[in-house]
Amino acid sequence: VASKEATSKKLVADMQTLHDELEASGTTAGNLKNELFSKEEAIKVLMQEIDSMKTESDKQGKELEAFLMQQMEQTNAIKAYEVQNRELMDKLAAFEKEKMAAELSRTQIANLALEVKLQAMEEKMEKLLAERQAKPETIFLRATAKAKAMAQASPPLGA
């Protein structure tokens, strides 16, 4: 009976040890479960932060894309203005050339008209000279008449 009592006490002690170990194990499992839950919560918070950062990054990416599109539009507009400016400068240069050609033409026409007048005057002079050379007595008579007229118009020398 004593051995059965000893065996029984030993079994009770073993059961108590197993019970204590089971409780300790349960506490450890509870602690592990709590730790796992808090890590899951931390992961959820991190995932929310990552999603928020991704959303902000997407927003900034769209803003950057819009800005770049605006810059491209402005660059294209500047290029169009430059092309238009070059075309206007070419037109202005062509107009200046035409204007210079017109002015040159006017000058040439005026010069030709002057040359024609000069030639006509030269021809008249040659004709008059030829007439005078043909009639030397006419020149003498005119000179004499002119001298007489001057003499009559001026007072006598002694007066």
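This text follows the structure it describes.
What comes next is a walk through the structure. This is a predicted model, so every value here is computed, not measured.

1. A closer look at the overall build of the chain
Okay, so step 1: Scanning the chain for helices and strands turns up two helices and zero strands.
Okay, so step 2: Carbon and sulfur atoms provide 63% of the accessible area of the chain, an area that totals close to 15000 Å².

2. Points about the pattern of salt bridges
Okay, so step 1: Under the defined criterion, the tally for this structure stands at two salt bridges.
Okay, so step 2: Its salt-bridge partner being Glu35, residue Lys39 comes within 3.6 Å of it at the nearest N-O pair. Of this pair, Lys39 and Glu35 are both found in helix H1 (residues 2-134), four residues apart, which corresponds to roughly one turn of the helix.
Okay, so step 3: Glu35 gets classed as partly exposed once you look at its relative accessible area, which sits at 42%.
Okay, so step 4: Its salt-bridge partner being Glu41, residue Lys44 comes within 3.7 Å of it at the nearest N-O pair.

3. As for a nonpolar patch on the surface
Okay, so step 1: A cluster of nonpolar residues, Ile43, Met47 and Ile50, forms a patch on the protein surface that exposes about 290 Å² of accessible area.
Okay, so step 2: Examined against the element boundaries, Met47 turns out to sit in helix H1.

Reading the values: the criteria
- Residues numbered from 1 in each chain as written.
- Predicted model: local features only at pLDDT ≥ 70, side-chain atom pairs only at ≥ 80, totals over all residues.
- Heavy atoms only, no water.
- Helix = DSSP H or I, 4+ residues; strand = E, 2+ residues; numbered from the N terminus.
- Areas by Shrake-Rupley, 256 points an atom, 1.4 Å probe, with all protein chains shown as cover.
- Salt bridge = Lys/Arg side-chain N within 4 Å of Asp/Glu carboxyl O.
- Buried < 20%, exposed > 50% of the residue type's maximum accessible area, 1.4 Å probe, protein only.
- Patch = residues over 30% accessible without salt bridge, like charges linked within 9 Å, V, L, I, M, F, W, Y side chains within 5 Å.

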